[in-house]
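Report on the structure
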Number of protein chains: 2
Amino acid sequence: MKLAKYFPILDWGPKYRGETFVNDMVAAVIVTIMLIPQSLAYALLAGLPPEIGLYASILPLLVYAIFGSSRQLAVGPVAILSLMTAAAAGKIAAQGSAEYIQAAVILALLSGVILLAMGLFRMGFLANFLSHPVVSAFITASGIIIAASQMKHILGIDAGGHNLFEIVVSLFEKLPETNLPTLYIGGASLIFLFWVRKQFKPLLKAIGLGDKAATIIARAGPVFAVVAGILVVAGMGLDERGVKILGDVPQSLPAIGVPTFNADIWMQLLGSAALISLIGFVESVSVGQTLAAKNRTRIDPNQELIGLGAASFSAGVSSGYPVTGGLARSAVNFDAGAETPAAGAFTAVGIALATVFLTPFLFYLPQAVLAATIIVAVLSLVDIPEVIKVWKYSKSDFAAMAATIFVTLGFGVELGVTTGVVLSLLLHLYNTSRPHFALVGQLPGTHHFRNVNRHPVVLSDTVLTVRIDESLYFANARFLEDTVYCMLSNRPDMKHLILMCPAVNHIDASALESLEAINHRLKDAGVTLHLSEVKGPVMDRLQRTHFLDELTGSVFLNQYEAMLELDEDCVKTAFSRDPKTTEPGTDPCPSLRHAGLEPANGRDR
Amino acid sequence: MKLAKYFPILDWGPKYRGETFVNDMVAAVIVTIMLIPQSLAYALLAGLPPEIGLYASILPLLVYAIFGSSRQLAVGPVAILSLMTAAAAGKIAAQGSAEYIQAAVILALLSGVILLAMGLFRMGFLANFLSHPVVSAFITASGIIIAASQMKHILGIDAGGHNLFEIVVSLFEKLPETNLPTLYIGGASLIFLFWVRKQFKPLLKAIGLGDKAATIIARAGPVFAVVAGILVVAGMGLDERGVKILGDVPQSLPAIGVPTFNADIWMQLLGSAALISLIGFVESVSVGQTLAAKNRTRIDPNQELIGLGAASFSAGVSSGYPVTGGLARSAVNFDAGAETPAAGAFTAVGIALATVFLTPFLFYLPQAVLAATIIVAVLSLVDIPEVIKVWKYSKSDFAAMAATIFVTLGFGVELGVTTGVVLSLLLHLYNTSRPHFALVGQLPGTHHFRNVNRHPVVLSDTVLTVRIDESLYFANARFLEDTVYCMLSNRPDMKHLILMCPAVNHIDASALESLEAINHRLKDAGVTLHLSEVKGPVMDRLQRTHFLDELTGSVFLNQYEAMLELDEDCVKTAFSRDPKTTEPGTDPCPSLRHAGLEPANGRDR
């Protein structure tokens, strides 16, 4: 049992049957066909020789089949990690150099080690620091940069640039050098691939194919483009008219081994490897969870770290580059009927066979076709409606999103994602550092206490109650102090202050210190401090301190009891025939004023 | 009105009366007497010539009187900032050099600008990032380092070191070189000052003095030590026997001006200046709030930033070094009856007069006496009971505290406080990323729903309810997903899932995304998702999205209504004579298992 936790293969392996084998085999053949052009294209995007892409699709798949916890996840090279690899390796050496390739291999090794360590120390929670808007913004911005960077292959020109602005300027400058045969092939591929993506599937269904079959065939669009591209270039000898082709790909399996250790380079790549690991993990887990939920299974995020870490490390020892679970290929794997990770292992065998036997046929494959498959794939990642949705839902989340997009486009992927993460953390802390407090009074004729800013309530002159709508911790402890001192300086009649805590889930040591300070200072000013509706776990913890002994007032199980004891007359007023209730007005203390939102049809608290 | 907000002097100035003047004047005389030895001592601690300490106690006090929002806060050089100044300036130049003094002046200017900017942009909340345990740990560790570093003056030896370990080793190595006359003076001062601190006040009260008078006279202990020290050294000619004395202090007021701008040095000092600003602000605000609460007034933290920023900047333009509000001198100012910031202005005049007329008399003042006053002052900052208290209350807060103390002692003040801040933020995020979830059932015979792990409750087989005891945001959104998917894979009979949200104060965009994903995936698996007891502001916000339209189930005002509609039989069972309730057992999902704390006598939720 314990062992099966770390080797999920021990769980599904023994139950493996012939029927499952057939299903896995069919899925593997389909995924292999889809993965060959993808592997070549993403290697191109990463600035690596095409065989590196194939190598990254062999051993990692075998290893993931042993350690991975997802049944249908298909790992291998993906667009975003290819871009991040190019950015990181580009800081070490020039594209095309042996050092550049080595840097990509080291990134895979380092990323493998980082993911494995995170898995062993159960630190999967670190991925939670990447908020959804930041990840979504980062993927959108990366998609735009990737699409822009691949346009040079469609046009057959030699453009470049380190950010979107430079890339676009460079494309326009070199536009006159456009190679027309390349443009025709690239343009035709783009149009074909967009058409396949949008309209091929409905067409297939119209001629009678089932939904799954249609989906799978439509996904194989790039394969048709590849075959057509090879035939056109080879048939018309376009490679002699300036169309760049894939050329010779070594017909051998990758050598196993690690590059010689150079502490300087490894240290330089460590930060990039950490970012690659986190982004790859977040993407993969999200894909894995989607698939697992479909058949009521689940994946274990910490085991996924081990599976992906082992896969990435194995990519490194077999001359590959960082890999993770890909959305499109996993979906195809699932739709094609894969039942166990064995499908991934069979795919690995398929790619290995293709590497050895198929590469000569890919000699005339035009780079423009690969670039077109990349552009079509990444433009589907660009999610502008999501940006609009977040803008409508939360300005704070939108700020993190906008910063991520802007910095990624303008200053590169690594700075972009880092900015987003740091900003979203700071904004979260800022937001919780100014929590919602409400001065509450009794709703006439009921036992309920509600916000004076939203309801006409009966308020006592001598007993004031503040409801705290947030856990108390260091970032907002002083805000609570400010609020209480503000009330103290504005309400000379106050004799008792009740802090009503039904939504306080934690009180940390800083907040405890603040509560103690409030207690002491109120005491000096002749005001008694009480608490009401404190949660069980919070109370348990307070009982370990001297705070409750020093508290000038009491802890009440509920607010109604508190008012009954401290100001029975006021409670009687609330139950009288025509009680005098509060008028909506402005409170002298800003924190008790910021209602923020309008009352919403009765759901209001 | 608007102007008075930024110039609090316009508020109290026009109401100034003769009686207030007398009270302020008395307080100013007392604070001046106390501040002279303090200013000299802290300059010594900062590695600066004595007059710099006096300069830092003139113009800043005048400026704070105009801009500060606290009525009784006394600003000037303090121990912690002196240590931090020494650490920062020591990175630029050697102690005693002109560049070192210039660095201290630049730190004051930079810190002034930073505080002013924070005040104008209302960024006082940044100080909240310094949790109480971190600040307390930092002050304790700084106190230990300061005390250790001053021992060389008590022994009359030339020791040094950059961390506690080095300082202690160096002290032991140089111990044989101890200068006996210095040791006698230093030791006697230490014993006298400790005695004054502990027993002089009770003695004064025993001979009939009032509490306040006794407090004030006891606080003047260092003055007696200074006078005695001068008389002994001058009388016995001890300066010729190796006792280091203050020597010549320029008998002039500071020149006004700023050092020539050198972008390199200013940039190098920027980080240190930011830390000095934050620490100084946190300390000063805490002192200011304590005093303000005593007479039911309050201070405005953002205006305090402006007051302290202007004071620090004015220290820079008058050859001083960073200043802030000091605890001891503010307490004396308050006890001595200061009523308005004018007392601070009168103190400034007093220090100016002392600088011009009194400094010749300080020629023979032994440094050992100043070191003794520092040691006695800072040892009162060392708060070991606080460390023990935090240990008992929260292991997470203690971890941040221990790291701060350890790094401050071992690697210096700046790294220490930075480590503490970063660690406390990470721990906070980690803690809220694994919030408390509870599977809840109906308490037999009531309308209440409680945690199955703490109460025998009636549970439905088809309708499961999870209570979420935390706001949902990016760091815990995936944890909620994990929990729901775990339930999904373990409970084949589940038809409805209710998320009960009475303690959910926010749902950010990431958590909304997770709720949408949960909704979709539950739908795929044939389970309906409902919400209950959603707070008003949260509901307002959800209504701006499509989530409520797409939600497969409903939003219920309260949990009882939800169960009544979804599983009436189960509710009937709960009200039947002998309902079958849950046995405490272990849940297959870890997040529903971690009760953490034992039930606490009925307060439990």
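Residues numbered from 1 in each chain as written. Chains lettered and ligands numbered in written order. Predicted model: local features only at pLDDT ≥ 70, side-chain atom pairs only at ≥ 80, totals over all residues. Heavy atoms only, no water.

**Some words on the overall build of chain A**
Operational definition: The helix count covers DSSP runs of H or I at least four residues long, the strand count covers runs of E at least two residues long, and both are numbered beginning at the N terminus. Partly exposed describes any residue whose relative accessible area lies between the buried limit of under 20% and the exposed limit of over 50%, with all areas from a 1.4 Å probe on protein chains only and scaled to the type maximum. The contact rule is simple, with two residues in contact once any of their heavy atoms fall within 4.5 Å. In short, Shrake-Rupley with a 1.4 Å probe defines the accessible areas, and a residue's cover is counted only from the protein chains shown.
If you tally the helices and strands in chain A, you get 26 helices and 8 strands. Each of the 605 residues in chain A was classed as buried or not, and the buried ones make up 59%. Of the contacts formed within chain A by residues at least 6 apart in sequence, a portion of 80% connects residues at least 24 apart. About 24100 Å² of surface is accessible on chain A, with carbon and sulfur atoms providing 64% of the total.

**With respect to the environment of Ala475 of chain A**
On the secondary structure map, Ala475 of chain A appears in helix 21 (residues 474–490). A residue is classified by how much of its surface remains accessible, and Ala475 of chain A, at 0% relative accessible area, is buried. Separated by 41 residues in the primary sequence, Ala475 of chain A and Arg434 of chain A have C-alpha atoms spaced 8.3 Å apart. Excluding residues that lie within four positions of it along the chain, Ala475 of chain A makes contacts with Leu429 and Ser433 of chain A together with Asn128 of chain B.

**A short note on the confidence of the model for chain A**
All names here are of chain A. Quick reminder of the rule: Scored between 0 and 100, pLDDT is the confidence that the predictor attaches to each residue.
Per-residue confidence for chain A gives a mean pLDDT of 88; residues scoring 70 or more make up 97%. A low-confidence stretch, residues 594–605 stays under pLDDT 50, and its non-local contacts, those more than four residues away or across chains, total 33 contacts. Reported for the predicted complex are a pTM of 0.77 and an ipTM of 0.76.

**Concerning the UniProt feature "domain: STAS" (unreviewed entry) in chain A**
Our working definition: UniProt positions are given in the numbering used here, feature names are shortened, and annotations may be inferred rather than shown by experiment.
As recorded in UniProt, the sites labelled "domain: STAS" (unreviewed entry) are residues 463–566 of chain A. Between the end C-alpha atoms of residues 463–566 of chain A the distance is 7 Å, and the span holds 50% helix and 17% strand.

**Focus: the relation of the copies chain A and chain B**
What counts is decided by this rule: All copies are superposed by least squares; the fitting set is the C-alpha atoms of residues with a pLDDT of at least 70 in both.
For these two chains of identical sequence, chain A goes onto chain B by a turn of 180° and a shift of 0.0 Å along the axis, with RMSD 0.1 Å. In the structure described here, the two chain copies are related by an operation that fits a two-fold rotation axis. The C-alpha atom lying nearest the rotation axis in chain A is that of Ala503 of chain A; the distance is 2.4 Å. Same-surface contact between copies: 100% of interface residues of chain A are shared with the interface of chain B.

**Some points on the interface of chain A and chain B**
Stated precisely, the cut-off is as follows: Each of two parts loses accessible area, computed with a 1.4 Å probe, when they are put together; buried area is these two losses added. Salt bridges are defined as contacts in which a side-chain nitrogen from Lys or Arg sits within 4 Å of a carboxyl oxygen from Asp or Glu. Note on residue classes: Ala, Val, Leu, Ile, Met, Phe, Trp, Tyr, Cys and Pro are nonpolar, Asp, Glu, Lys and Arg are charged, and everything else, Gly too, is polar.
On the chain B side, the residues contacting the 83 residues of chain A number 83 residues. Together chain A and chain B conceal approximately 7700 Å² of surface at their shared face, both sides included; 55% is due to carbon and sulfur atoms. The interface formed by chain A and chain B holds 6 salt bridges in total. Notably, a salt bridge pairs Lys389 of chain A with Glu516 of chain B, separated by 2.6 Å at the nearest N-O pair. Here the side of chain A that touches chain B gets 9 residues from one element, more than from any other, and that element is helix 21 of chain A. Split by residue class, the side of chain A that touches chain B holds 36 nonpolar, 20 polar and 27 charged.

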